[in-house]
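# Results of the structural survey
This is what each chain is made of:
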Amino acid sequence: MATSAKFPRLLVFVVLVSGILGGNCLAAQDGKPPRPNIVFILADDIGYGDLGCYGATLVKTPNLDRLARGGMRFVNGYAPSAVCTPTRYALMTGQYAWRHAPGSRILSGVSPLCIPRERPTLPGVIKHADYTTAVIGKWHLGLGEGETNYNGLISPGPRDVGFDESFIIPATGDRTPCVYVQNGEVVGYDANDPIRVSYGKPIGHEPTGAKNPELLTMKHSHGHDNTIINGIGRIGYMTGGKAARWKDEDIADTITNRAVSFIDSHKDAPFFLYFATHDVHVPRVPHPRFRGTSKHGTRGDAIQELDASVGRILDALELAGLTEKTLVVFTSDNGGVMDDGYIDGSGDDKSGHKCNGVLRGFKGGLYEGGTRVPFIVRWPGHVPSDATSRAIISHVDMLATFGAILKVEVPRGAGPDSINQSSALLEVTPKNPPRDTLVLHGGGGGLAIRQGDWKLIPSGGTAGYAAAKQTGKAARGPELYNLANDPSETKNLASEEPDRVAKMTDRLRTIREGGR
Ligand code: NG6
Ligand code: CA
């Protein structure tokens, strides 16, 4: 694998056709497809079975279903990891996160930026095609250097890895600090009320979930007992920044409003919008207008809130006349989970809703429920409509894929694990499916490999993340499944197929040690 230092961004990007196409022009030239705007919507903790278009009946997702009808639904779409930060790292860099330790684990709210500044990134590649790039929503890739200081300009951050504009939740909804950061500054910052954040050692005198459970509006089931903000115990302590703190019930509206206004104000020139929702991560606090609207409790209400956000994005594109000129992707950062640390009814949900559909396992784990997620792509006139693709595709492929669609040549060494999937986007059954093999990363750090219809989880691979344990006992030795015959991973074929286990173990080792 080439080191990133060999490829300083400005020197190595060769923009092949932006000159020919003439800056912001989106029109087709020489019969070639035009360059679309790109809206990449990354939901949080949405599972394979959570949407109507993937079989859910107890939650209604009319907007996501409409997106799927207008485009292609992948049934073998994978988040690169079963947890958030490593998935986002792989999406941003086209490199598996387990190759780069700082991006390979769930980060706190004071972790430094985990993307090396010299590494080529997805927004960086797109920017080189003269696009305006923005991230709105959950970041969770660290900010600053050393321990993040939320007072003053917070740098480096999104704008140092390819984004022109940013409006972000720094880590997660359940982690301090509970404030938005816009272009490096806390929104609503008050210099007279400085912000201090701590993980591990308590700071400040504000009530905590551990000491003042009577003040909680939502109780925790595990963790989440540090500073209470907006009635909810968080991971991490926080003091100050009182005027800047978010209201959980308004997060979806706040970030969706920003995304809609970004689309509206950039409708005349090409743009890339990375819209990363907080729904349906914990704490799940949908706005009152969604409460009680689904048949799957609070979690279902949050899914319906997510669907409404997506609907507003699609409407904004339509209103701006951009539906035909925009490639929209909707997917999730990891599989679904019921109880993820708060008592919100999901842990003992009896509705019958299966967040990961027929798949075994949950967020954090290496069974399919941990990483296989909805993956919908729409680009009218280019991506087949109302179609279903069986191609294996992952967020790690977006750098090479969008680079190809926008005709930006990326240097060797950029996105070392990223595969150009444009043929899989443009055809239901491409002649040579771009990807046969994919490595999956679990919340506990283990790796699994999918090759064609086969899946191998080496010994002990599923350990490590609380929710993953909801799956039942893992086997002692390696686990081998044929996903075509057994999508729920019920029959471990490892002892019947020792040769295949050996070959796949070898292949995994080669990829791990040797680059792509
Ligand atoms: C876990 C949290 C979980 C969630 C997860 C990150 C506990 C017990 N569990 O450590 O609630 O925050 O981290 O989720 O604290 S992710 O989608 O951002 O990866
Ligand atoms: Ca997540």
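### A look at the domain arrangement of the chain
Under the domain assignment, the chain is made up of domain 1 (34–140 + 153–168 + 247–426) and domain 2 (446–514). A C-alpha centroid distance of 26 Å is found between domain 1 and domain 2. Counting from both sides, the interface comprises 24 residues of domain 1 and, opposite them, 25 residues of domain 2. Interface area, domain 1 with domain 2, both sides summed: about 2,000 Å², of which 56% is carbon and sulfur.

### Observations regarding the coordination of the calcium ion (ligand 2)
At the metal site, the calcium ion (ligand 2) is ligated by Asp44 (OD), Asp45 (OD), Asp333 (OD), Asp333 (OD) and Asn334 (OD1), and these contacts range over 2.2 to 2.7 Å. For the calcium ion (ligand 2), the six donor atoms are set out with angles of 52 to 170° between them, so the coordination reads as irregular. Of note, the calcium ion (ligand 2) draws all its donor residues from one chain, in the sequence arrangement D-D-x287-D-N. Highlighted residues: aspartate 44 in the loop between strand 2 (37–43) and helix 3 (62–69) and aspartate 333 in the loop between strand 13 (326–332) and helix 8 (368–371), separated in sequence by 289 residues. Assessed through its relative accessible area of 0%, aspartate 333 is described here as buried.

### Here we look at empty space enclosed by the protein
According to the stated counting rule, one finds one cavity of 30 Å³ or more in the structure shown. Lining the largest cavity are Ala252, Ile255, Thr256, Phe275, Thr277, His278, Asp279, Leu306 and Ser309. Counting residues per element, the ones that place at least two in the lining of the largest cavity are helix 6 (251–265) and helix 7 (297–319).

### Section: the state of the cysteines
Within this structure, the stated rule accounts for zero disulfides. Left unpaired, cysteine 53 is separated from the closest cysteine sulfur, that of cysteine 355, by 16 Å. Here cysteine 53 falls in the buried class, since its relative accessible area comes to 17%.

Calculation notes
- Residues numbered from 1 in each chain as written.
- Chains lettered and ligands numbered in written order.
- Predicted model: local features only at pLDDT ≥ 70, side-chain atom pairs only at ≥ 80, totals over all residues.
- Heavy atoms only, no water.
- Domains from an automatic or database assignment.
- Contact = heavy atoms within 4.5 Å.
- Buried area = accessible area lost by both parts, 1.4 Å probe.
- Donors = N, O, S within 2.8 Å, 3.2 Å for Na, K, Ca; no water.
- Tetrahedral: all angles 85-135°; square planar, octahedral: opposite > 155°, others 65-115°.
- Helix = DSSP H or I, 4+ residues; strand = E, 2+ residues; numbered from the N terminus.
- Buried < 20%, exposed > 50% of the residue type's maximum accessible area, 1.4 Å probe, protein only.
- 1 Å grid on protein atoms, 1.4 Å probe; cavity = no way out; pocket = protein on both sides within 12 Å on 5 of 7 lines; lining within 4 Å.
- Points joined across faces, edges and corners; volume = space filled by probe spheres on them.
- Disulfide = S-S within 2.5 Å.

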